[in-house]
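Survey of secondary and tertiary structure
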Amino acid sequence: MMNEIENKDYLQTLISLKQRVLQAQYNSYSAVNSEMILAYLDIGKIIYEKTKTGWGTSVIQQLSKDLQAEFNGVSGFSERNLHRMKLVYEEMQENATSPQLVAKLHWGHTSLIFSKIKDKVKRAFYLEKAQTEAWSRSILEEKIRFDLYANYQRRG
């Protein structure tokens, strides 16, 4: 049986180990998320290039079905999301947005920002703030709806 000092030391060690495992899990998730975002950008690039050579909506529909069948249980390959991947890729090319900045966020955050905000400075503001302040998607939607960017501009 542990005495009080050993028990306290054990509890501190246990807390420390739990924190380390949680940090490792978070780091792993972040790395996987970043890789998936970069894959989505690659998919967007390929779809963008193929639509320039004649691919239409029916081909993207079929691509969506085939990807969903191949990666059963993996979300993200809906027709709508494939179009978003293309949109994000196009917008990044036109506005010189860094893939690394985009890869730091969840895809839902990225697609929301790119679909709602066209101005590149404003978009960069929301990409940066969402990442540095760890906003949930609902918080991000609220910040966009109430135009946090304009409020920052008025204060600055």
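In the block above lies the structure referred to throughout.
Presented here is a report on the structure given in the accompanying data block. What you see is a predicted model, and the numbers here were worked out from it, not measured in a lab. (Residues numbered from 1 in each chain as written. Predicted model: local features only at pLDDT ≥ 70, side-chain atom pairs only at ≥ 80, totals over all residues. Heavy atoms only, no water.)

Quick word on the pattern of salt bridges
Our working rule: The term salt bridge refers to a pairing of a side-chain nitrogen on Lys or Arg with a carboxyl oxygen on Asp or Glu at a separation within 4 Å. Where helices and strands are cited, they refer to DSSP runs of H or I of at least four residues and of E of at least two residues respectively, numbered from the N terminus. Relative accessibility thresholds used throughout: buried, under 20% of the residue-type maximum; exposed, over 50%; partly exposed, between the two (1.4 Å probe, protein chains only).
Under the counting rule described, the total for this entry stands at four salt bridges. Lys-86 is the salt-bridge partner of Glu-90, the closest N and O atoms lying 3.2 Å from each other. With a gap of four residues between them, Glu-90 and Lys-86 both fall in helix H3 (residues 79–95), about one helical turn apart. For Asp-147, the salt bridge identified is with Lys-122, shortest N-O distance 3.4 Å. Of the two residues, Asp-147 sits in the loop between helix H7 (137–145) and helix H8 (148–155) while Lys-122 sits in helix H6 (residues 120–132), which places them 25 residues apart along the sequence. By relative accessible area, which is 25% here, Asp-147 ends up partly exposed.

Considering helix H2 (residues 57–70)
To keep it simple, the criterion reads: In this analysis, the expected span of each helix is defined as 1.5 Å times one less than the number of residues it contains. Every residue pair with non-hydrogen atoms within 4.5 Å of one another is taken to be in contact.
With 14 residues, H2 extends 20 Å from end C-alpha to end C-alpha; this agrees with the ideal 20 Å at 1.5 Å per step. Where H2 is buried, its residues touch helix H1 (4–52) and H3.

A look at the packing of H3 against helix H5 (residues 107–116)
Our working definition: Every angle, taken between N-to-C directions, lies between 0 and 180 degrees, and every axis is a line fitted to C-alpha atoms, over only the stretch in contact when it is a helix. With the far helix as reference, a near helix turned anticlockwise by less than a right angle produces a left-handed crossing, and one turned clockwise produces a right-handed crossing. Throughout this entry, Asp, Glu, Lys and Arg are counted as charged residues, while Ala, Val, Leu, Ile, Met, Phe, Trp, Tyr, Cys and Pro are counted as nonpolar. The remaining residues, Gly among them, count as polar.
Where H3 contacts H5, the axes come no closer than 10 Å and their chain directions differ by 65°. The two elements H3 and H5 cross, and the hand of that crossing is left-handed. Mapping the contact onto sequence places Asn-81, Arg-84, Met-85, Leu-87, Val-88, Glu-91 and Met-92 in H3 and Trp-107, Thr-110, Ser-111, Phe-114 and Ser-115 in H5. When grouped by side-chain class, the residues that make up the contact of H3 with H5 number six nonpolar, four polar and two charged.

Points about the packing of aromatic side chains
Convention followed: Aromatic rings from Phe, Tyr and Trp, with only the six-membered ring used for Trp, were paired whenever their centres fell within 6.5 Å, and each pair was classed as stacked if the ring planes differed by under 30 degrees, edge-to-face if by over 60, and tilted otherwise.
Summed over all chains, the structure comprises seven aromatic pairs. Geometrically, the ring pair formed by Phe-71 and Phe-77 is tilted, given 5.8 Å between the ring centres and 35° between the ring planes. For Phe-71, a relative accessible area of 39% gives the class partly exposed. By relative accessible area, Phe-77 is classed as buried at 7%. When the ring of Phe-125 is compared with that of Tyr-149, the centres are 5.2 Å apart and the planes differ by 70°; the resulting orientation is edge-to-face. Within this pair, whereas Phe-125 is found in helix H6, its partner Tyr-149 is found in helix H8, the two being separated by 24 residues in sequence. Here Phe-125 and Tyr-149 have matching classes, each one buried.

Notes on the side chain of Arg-123
Counted only if it meets this: Polar contact is defined as a pair of N or O atoms within 3.5 Å, subject to the rule that within protein one atom must be able to donate a hydrogen and the other to accept it, and that residues adjacent in sequence are counted only when both atoms are side-chain atoms.
Position of Arg-123 among the secondary structure elements: in helix H6. Engagement of the side chain of Arg-123 in a polar contact is seen with the side chain of Glu-91, the distance being 3.2 Å. In this structure the side chain of Arg-123 is engaged in a polar contact, spanning 2.5 Å, whose partner is the backbone oxygen of Ile-117. Residue contacts for Arg-123: discarding those within four places in its chain leaves Glu-91, Asn-95, Ile-113, Phe-114, Ile-117 and Lys-118.

Side note on the environment of Glu-141
Residue placement: Glu-141 occurs in helix H7. For Glu-141, a relative accessible area of 34% gives the class partly exposed.

Brief notes about the environment of Asp-9
Topologically, Asp-9 is positioned in helix H1. Once the C-alpha coordinates of Asp-9 and Glu-94 are considered, the two residues, 85 residues apart in sequence, prove to be 57 Å apart.

Points about a positive patch on the surface
Convention followed: Residues qualify for a patch when their relative accessible area is over 30% and they have no salt bridge, like charges being joined within 9 Å and the nonpolar side chains of Val, Leu, Ile, Met, Phe, Trp and Tyr within 5 Å. Only the protein chains shown count as cover for residues, and the accessible areas themselves come from Shrake-Rupley with a 1.4 Å probe. All tallies of charge rest on Lys and Arg as positive and Asp and Glu as negative; His and the ends of each chain are not included. To locate a charge, the coordinates of NZ of Lys, CZ of Arg, CG of Asp or CD of Glu are taken.
Taken together, the side chains of Arg-80, Lys-116, Arg-137 and Arg-145 define a basic patch exposed on the protein surface. Take Lys-116: it is sitting in helix H5.

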